[in-house]
Structure formats: C-alpha cells, structure tokens
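Inside the fold
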Amino acid sequence: MALVLQDCYKQKDWVESIEVYMDLNTIKDVARPRARSELPVWTAGDAWLAGGTWLFSEPQVHLSRLIDLADLKWPPLEVNATGLTMAATCTIAQLDALACPPDWLAAPLINQCCRAFLASFKIWKTATVGGNLCMSLPAGPMISLTSALDGVCTIWRADGTERKVTVLDFVTGNQRNVLAAGDLLRQIDIPLAALKRRSAFRQISLAPVGRSAALLIGSIAAEGGLLLTVSASTKRPVRLAFGKVPAPHELREAILHGIGDGDYHDDIHGKPFWRKHMTLRLAEEIRSELSGAAAPP
Ligand SMILES: Cc1cc2nc3c(=O)[nH]c(=O)nc-3n(C[C@H](O)[C@H](O)[C@H](O)COP(=O)(O)OP(=O)(O)OC[C@H]3O[C@@H](n4cnc5c(N)ncnc54)[C@H](O)[C@@H]3O)c2cc1C
C-alpha cells in the first residue's frame, strides 16, 4: 500500500519533499523513522501507517501527516525460549507462513485465525497484526488469536516510556483501545505455555465470505481447566476460565452470567440475539471437542 504518487501532483512551487498519498489528499508530510529515537514528536493530525489497508479505505480528512512504520524494520516473528514475539508490523501473510515447532499444539489457531481474515491476498500481504489490534474491530481475527493465547502487548508511549498490557485488556470496545494519542504498539508476546495448549476453534459469518460474527477459541490449561475466549460476537474479547471442563449447563450458565446482552455487537454482520445464540452453540461445540483432551493420559 502506501502508494506514493511522488511527482504526479507536484506543482512547480511545491517543496520537493511533498508527496501526495493516493486517496488521502490532506496528507502534507510522511515521516519514515528508522529507530525509536527518530520518531517525530506527535502532533494533532498524525497517524501511524502500518499496512494502510484500513487507513486508505476511507477518507481521513483530519490527518495531515503519516508516520510510516515500515522503515523501523522490526523482525516480524521471533520464536524464542519463552514463546513467540510478533512485531506489530508483522503481516498476516508472514504470520500464516510461520513454521511452528511440533509441540505447539495450538499452532493450528494461527492459520485458522489468518483465514478468518476474509480478504484477498493483497490485503493479507499488507495488513499487519498490530494494525488489526489497533483498529479494535470486534471481528479482528488477530485480536481473537492473541487474546486466546494470553498475548501481552508492549506499547511505546509518546512520553518515551513503555507499557505492557494483555490483549484482553488492550481492546476496550468496538474500535476502542487503551492507546493514548501518540502511543505506538510495538509487539505482542505469546507465552510458550499458551502455544502448547490443546485448542479448538469455531467461527461463523452471516455470509460465506463475510466478517466473523462470532469467533470462539477454547484451550485446555496445564491443570486441566478450560479457557474459553469469546470474540467477534462481543464488542471486545471476553475470557471465561473454568477449573475443569464444565458440564454443558455450567458452561451455558457461565456465558449467560459473564456476557450481558449489551456486550454483544450489533451491525450488518449479525444481530446481537443471533450472535448470542451462536456464542452459546459454538462454545458447547468447543467444550465437547475438548472434553476428551482434558482427561488424564
Ligand atoms: C477487504 C478487506 C477486508 C477486511 N477484513 C477485515 C476483517 O475481517 N477483520 C478486521 O478486523 N479488519 C478487516 N479489515 C480492516 C483492516 O484491513 C484490518 O483491520 C487490518 O488488520 C489493519 O491493519 P493495517 O496494517 O492495514 O492497518 P492500517 O490501515 O495501517 O492502520 C489501521 C489503524 O491502526 C493504527 N495503527 C496501525 N499500526 C499501529 C501501531 N503499531 N501502533 C499504533 N497504531 C497503529 C493506524 O494509525 C490506523 O488508525 C479489512 C479490510 C479490507 C480492505
């Protein structure tokens, strides 16, 4: 993305450095920092540019400068002794291509969540994991993935400090999150223990290639309990934790009690009552699938 029409719109008396971005004709400047020390001081009208798949998809008349993250050249993915580090700038395609160690039983979730991103290869190759979290749409599949796997966000704050927050707490509502003006999501760390959990995935959309209306992920914790993460049907991801795999009625009660009717998302991709119904149904499917996994060997 970030198609720069460097010369087309340049007029004789314009300064040489001015570039005009495709649709965003209020953009006067593009910064390309190569290190944290080069990040410009944040001012009104600034926006971080990651893949640009959302930024360039609608008018942004309030913006006058983009700060392109590409030249920071963060390694997209790092597998280490403590788990997996995803740079905010890691693309969906890079994540989908990751060759996971065989003992990461939860690895199929990565491909399943990438495929819940119902977009063309052009979007896959450009859209980033961090951009997806920062958009904070209920149907953000990278939110589903990283919240289900106990992901922890590292945020570079505008004042030069750093903050860590779980993905579950990062997203606070539909297109709302904890970022303050000028805060930059640097990376998401997934702990090894979460990657080793046996898991189950369910997702549904109203249309065959529509946005997720409900996306649920269950996994079995080391002690045998069930961890259920509900997303897409709700405005923000919700985690329900059980000390052991619950009986069907216990699971149903926990969902009815833990997720209020007002917590379900409402848009053209699904009415709240239908999303609630699908949440209950998909949760039971996950419970049933994982019941065997919880039994002692
Ligand atoms: C065809 C199509 C299908 C799509 N399907 C889905 C879908 O199923 N689910 C979904 O959730 N979205 C979907 N989107 C929306 C969007 O493409 C995704 O949310 C994508 O992941 C955004 O990532 P990006 O890197 O392109 O972000 P950008 O467009 O570059 O940025 C998005 C927003 O996040 C901010 N931002 C980006 N990176 C950071 C960072 N590191 N720190 C702080 N702020 C940052 C930007 O300033 C901007 O406000 C779709 C878009 C298209 C065009």
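Residues numbered from 1 in each chain as written. Predicted model: local features only at pLDDT ≥ 70, side-chain atom pairs only at ≥ 80, totals over all residues. Heavy atoms only, no water.

What follows deals with the sheet that holds strand β13 (residues 199-204). In spatial order, the strands read β13-β14-β15-β16; together these four strands make up an open sheet with antiparallel pairing. Every interior strand has two partners, whereas the edge strands, β13 and β16 (238-242), have only one. Direction aside, neighbouring strands of the sheet carry axes that sit 10° apart on average. Judged from the six bridges that link them, β13 and strand β14 (residues 214-220) form a sheet pairing that is antiparallel. If you follow Phe201 over to β14, its bridge partner there is Ile217. Its contacts with the sheet place helix α2 (residues 108-115) against β13 and β14, and it is angled at close to 10° to β13. Running over the sheet, helix α5 (residues 141-148) touches β14, β15 (226-231) and β16 and is turned about 20° from β14. (Pairing = 2+ DSSP bridges. Helix = DSSP H or I, 4+ residues; strand = E, 2+ residues; numbered from the N terminus. Axes fitted to C-alpha atoms, helices over the stretch in contact; angles between N-to-C directions. Contact = heavy atoms within 4.5 Å.)

Here the structure, examined in full by the defined rule, presents two aromatic pairs. Plain terms: the ring middles of Trp74 and Trp156 are 5.6 Å apart, the flat faces sit at 85° to each other, and that makes the pair edge-to-face. Of this pair, Trp74 sits in the loop between β5 (65-68) and β6 (77-80) while Trp156 sits in strand β8 (residues 152-156); the two residues are 82 residues apart in sequence, bridging distant segments of the chain. Each member of the pair, Trp74 as well as Trp156, carries the same accessibility label: buried. (Phe/Tyr/Trp six-rings, centres within 6.5 Å; stacked < 30°, edge-to-face > 60°. Buried < 20%, exposed > 50% of the residue type's maximum accessible area, 1.4 Å probe, protein only.)

As used here, a disulfide is simply a covalent bond connecting the sulfur atoms of two cysteines. Tallied over the entire structure, the rule returns zero disulfides. Free of any disulfide, Cys90 has its nearest cysteine sulfur in Cys114, 8.2 Å distant. With no disulfide of its own, Cys153 has Cys134 as its nearest cysteine by sulfur position, at a separation of 7.9 Å. Among the residues examined, Cys153 registers a relative accessible area of 0% and is labelled buried. (Disulfide = S-S within 2.5 Å.)

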